[in-house]
Each structure stands twice: as structure tokens, then as C-alpha cells.
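Coordinate inspection notes
Okay, here's what each chain looks like letter by letter:
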Amino acid sequence: MTSNQLGVQTGKRIGLMTSGGDCAGLNAAIRAVVRRAIHGYGWTVIGIKDGSAGLMARPVEAEELTLLSVGGDLIRRGGTILGTINKGDPFAYKMADGSVVDRSGEVVEGLRQLSLDALIVIGGDGSMRLLSRLCQLGNIPMIGIPKTIDNDVAETEYAIGFDTAVSVACEALDRLAPTAASHHRVMILEVMGRDVGHIALTAGVSGGADVILIPEIPYSLTGIANRLQTVSARGRKHALLVVAEGCGTETGDKVTQDRDGGRARYGGIGQYLAERLEDLIEAEIRVTVLGHVQRGGMPSMRDRMIASAFGVRAVDLIAQGGADLVVVWKNGDVDDVPLSHVAGQTRAVDPDGTMVKTAKGLGLYVGNDSSA
Ligand code: F6P
């Protein structure tokens, strides 16, 4: 038995980590987990630093999270106070000398050293899967909280971070529109999203784009050019085009910057399009690559609200004896599903769904040569 800062006798010590790429709203989720665990159950929460790297470190890098450490303005702060990593599979860990080593035993030993009764992982599908395997080896129940600006986690309408990222992308369009109009230019905005187009589609519709390109729907350069010429012929001499970083070229090849631990880093499709469209339209073209700006800054109201609901639900699931569950947002409410329903799945944009229909209904070009 330990006693927490409220002096309540408690047997539960739960671990908490953030894993994968950061985003806005992670700190709000950390705050919610700590507040629910302490206020609701009198438990102790151990914050693990830098995802699984903290569990591999010796001594293990972790510290107790108190009401004080999650107080103040934490709900408003971007990033994660716990730190995170988005590379380094402990089952096949790439060492500095290039060799690949199974370090899963070190992570499991790290969990054991912390004497945890359960672990909450705030991460994407990949992180949740890895940590679930490790927790099973350590005989520790795990609950997942989905986060990713890409919003591609199956079974949940929202992952933490998406709403803020879309707001940033929409604001970028708001800022590009007047300069596009002043110079009679076509502005191309390249946004993140890995292999899905949720950010591009939602921001494009909300930000008044003329063309939206997403990985889920093929496009043609002539389709884009036709749409831009139609806009011009109707009297507007500027236009906005949003492209998801994971869009391939016209023939479907991904445009990448470099390889990062075996995973290609996307980037450059905006410039690719600009160079080809220059030959097809008369207007000047400029490219903006939004990049990591989409992951930083203050979380939006919706991200804070969802992160808070997810954090509370995750702790309640541990109290109910749950394991290998993921909290999700469905039909305007928090819910939970087995991790097996989420693992290995990707929630891509539905080409027949509401958002694509909306974009087409507004007369936007979204590929498949569906321009108005
Ligand atoms: O998965 C989130 C994400 O921001 C993607 O949209 C993007 O492709 C990738 O991470 C960037 O990763 P990194 O931070 O390693 O550059």
C-alpha cells in the first residue's frame, strides 16, 4: 500500500506515457488521467519519459505526476510534458552501429521496476500495438488513448490532435487567400497526414479551397488545370489548392524527402504539382509546406474536450478491470473498443462519404476528374 498526495491509501500505481509523433492536446489528456486517478480513486500515476525509451533507460526515466505537476495552464499547452519518440521498435531496435537488436526484455524489465498495476498509452495505432505486446509480456493491463493529427485510427471519429491541426491548416488558407488575391496567384498548400487525406479534405472545405488532392482519390494534372482555368474564366484570378503530403504523383509514386529509420518521410508533392501546372496554366504559382506547425501550439477547444473525456474514461476502464481496450469517440460520445478492432487498421477518407460529397457539391476538384 502507498498513499498519495491526498493521504489516501491506495494499492494502484498506473503508468502513463505518450508515444509516437506529438500533437496538440496530449498534455490535456495527461492532465485528465492524473486528475481522474487521484480525485476519483486515490491512485498514484507514474509518468514515463520519452515513450518506450524511458523504460529502456537505466535507471528507468519516470516520475510521479501530481495534481501540482498537471496544474496551472497544462490544458492549454501544446506538446507533451512527458516527451515522446516516433521511432525505435523495441522488438527490432536499430542500434547506432546499424545492427538490429530485440530490446523488448529491457522494456518489460523497466515496467517491472516501476511496479505498475496498469499502463495507459497515449499514441497512434502502431504505438498502442507495440506497447500492448510488451504489457502482455509483463502481465500488465494496457489501455490506449488515440492521438494523431492524421486522424487515421480506426473506430474513432476523432483522435487527439486532429482538430488543432485542421484549424492550423484552415488558418493557413485564410492567410494565403488575400495574398493570392493581391498577386493573382495560385497558392498550393501542402499539409501533413501520412497516407490519409483527412487534414487536407477538412481544411480545404473549411478554408474555401478550389482544389483538394488526397491520397484516397486519384487525380489528373489536366483535371486540376481545367478547374483552375474555369475559376479564372469566371473572373477570379486567384485560387487555392490543398494537397495532402501522402498524395502520389499522377502515376501514384509517393514524393519523399528521405528515409527515417526505414520509413519514408513524405514531402515535396506541392512543388511537384507547381512545376507541372506551370506549363498548363497562366497564373503564377507559389507553394507553402505547412509541416510541423500543424502539430504545435495551443490545442483547440475540441481537442481539449476529447482529450479530457478520453483520459477520464481510460482511468475508469482500469478501475473496471479492463485490458487491451482503446477509448474512442463515436456519435458525439466517448466509448471504448477492443484494441484488436483498431490494431493494423487505417481509417482512410471514404471517397463516397459526406466530406468528399460536400467538396464535390461545392464544385471543388477533388480528383477522379470530377471537377464542376
Ligand atoms: O503521423 C503524424 C505526422 O505528423 C505525419 O502527418 C507526418 O508525415 C509525420 O508525422 C512526420 O513525422 P516526423 O515528426 O518524424 O517528421
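Residues numbered from 1 in each chain as written. Predicted model: local features only at pLDDT ≥ 70, side-chain atom pairs only at ≥ 80, totals over all residues. Heavy atoms only, no water.

Points about the environment of Trp43
The topology assignment puts Trp43 in the loop between helix H1 (26-41) and strand E4 (44-48). The spatial distance from the C-alpha of Trp43 to the C-alpha of Gln257 is 45 Å, given a sequence separation of 214 residues. (Helix = DSSP H or I, 4+ residues; strand = E, 2+ residues; numbered from the N terminus.)

Re the sheet that holds strand E12 (residues 239-244)
The sheet built from four strands is open, its strands ordered E11-E12-E10-E15 with parallel pairing. One side of each edge strand has no neighbouring strand; the edge strands of this open sheet are strand E11 (211-213) and strand E15 (284-289). Geometrically, the sheet is characterised by an average inter-axis angle of 15° between neighbouring strands, direction not taken into account. Here E11 runs beside E12; their pairing, made up of three bridges, is parallel. Along E12, the bridge assignment pairs Ile212 with Val242. Sheet strands touched by helix H7 (residues 221-233): strand E10 (185-191), E11 and E12. Its angle to E11, the strand with the most contacts, is close to 160°. Where helix H8 (residues 269-277) meets the sheet, its contacts fall on E10, E11, E12 and E15, and the angle it forms with E10 comes to roughly 155°. (Pairing = 2+ DSSP bridges. Axes fitted to C-alpha atoms, helices over the stretch in contact; angles between N-to-C directions. Contact = heavy atoms within 4.5 Å.)

Concerning the pairing of strand E17 (residues 333-338)
Pairing analysis gives six bridges linking strand E16 (residues 325-330) to E17, with the strands arranged antiparallel. Across the sheet, the residue bridging to Trp329 is Val334, located in E17. The antiparallel pairing of E16 with E17 creates a hairpin that spans two residues between the two strands, and Asn331 there sits at a positive phi of about 50°.

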